[in-house]
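Structural description and commentary
Residue-level listing of the chains:
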Amino acid sequence: MTRADFYDWLIAHKCTIEPLSEDTRGNIIKVKSPRSNTYVYLDTPINNKQMKCFTVCQMCHQLYIPIPEVCKESESLAIEIKKTHYPNK
């Protein structure tokens, strides 16, 4: 899945893009969840660079949105890592 595909996925699932504060520098955008007050940062530019499926799964879990079908095979790994290393989140 490319960054552009994932960005489209986020928008389709009603995530919002929030501007960063003026004193923040970097090549990222802040993506806010439609269901909670959580957010993730997505690297820019939004182009055809491939993203790792594990990263996509992790971000989708953090945003409480469905995982794209092409990345479903990494979901069990993302869940296991979260349970093992981040049990309180």
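The following refers to the structure shown. Please read all numbers here as calculations on a predicted model, not as lab measurements. (Residues numbered from 1 in each chain as written. Predicted model: local features only at pLDDT ≥ 70, side-chain atom pairs only at ≥ 80, totals over all residues. Heavy atoms only, no water.)

Here's the deal with the nonpolar core
Phe 6, Leu 10, Val 31, Leu 42, Val 56, Leu 63 and Cys 71 are the most contacted members of the largest nonpolar core, which totals 19 residues. In this structure, Cys 71 is in contact with Met 1, Cys 53, Val 56 and Cys 57, ignoring residues within four places of it in sequence. (Core = buried A, V, L, I, M, F, W, Y, C linked by side-chain atoms within 4.5 Å. Buried < 20%, exposed > 50% of the residue type's maximum accessible area, 1.4 Å probe, protein only. Contact = heavy atoms within 4.5 Å.)

A word on the environment of Pro 19
Tracing the chain through its elements places Pro 19 in the loop between β1 (16-18) and β2 (28-32). Residue classification places Pro 19 among the exposed residues on the basis of a relative accessible area of 76%. Along the chain, Pro 19 and Ile 29 lie 10 residues apart, while their C-alpha atoms are 7.1 Å from each other. (Helix = DSSP H or I, 4+ residues; strand = E, 2+ residues; numbered from the N terminus.)

Focus on the packing of helix α1 (residues 3-12) against helix α2 (residues 53-63)
Between α1 and α2, the least distance of the axes is 12 Å, while the angle of their chain directions is 15 degrees. Compared by their axis directions, α1 and α2 come out roughly parallel. Relative to α2, the crossing made by α1 is right-handed. Together, Phe 6, Trp 9 and Leu 10 of α1 and Val 56, Met 59, Cys 60 and Leu 63 of α2 make up the contact between the two elements. Across the contact of α1 with α2, the residue classes tally to 7 nonpolar, no polar and no charged. (Axes fitted to C-alpha atoms, helices over the stretch in contact; angles between N-to-C directions. Parallel < 35°, antiparallel > 145°, perpendicular 65-115°, else oblique. Left-handed = near helix turned anticlockwise from the far one by under 90°. Nonpolar A, V, L, I, M, F, W, Y, C, P; charged D, E, K, R; others polar.)

Thoughts on the packing of aromatic side chains
Under the defined criterion, the tally for this structure stands at 1 aromatic pair. Ring geometry for Tyr 39 versus Tyr 41: centroids 5.5 Å apart, planes at 75 degrees, classification edge-to-face. Overall, the relative accessible area of 40% leaves Tyr 39 in the partly exposed class. When the ring centre of Tyr 39 is taken as reference, the NZ or CZ atom of Lys 30 above it lies at 4.2 Å. (Phe/Tyr/Trp six-rings, centres within 6.5 Å; stacked < 30°, edge-to-face > 60°. Lys NZ or Arg CZ within 6 Å of the ring centre and 35° of its normal.)

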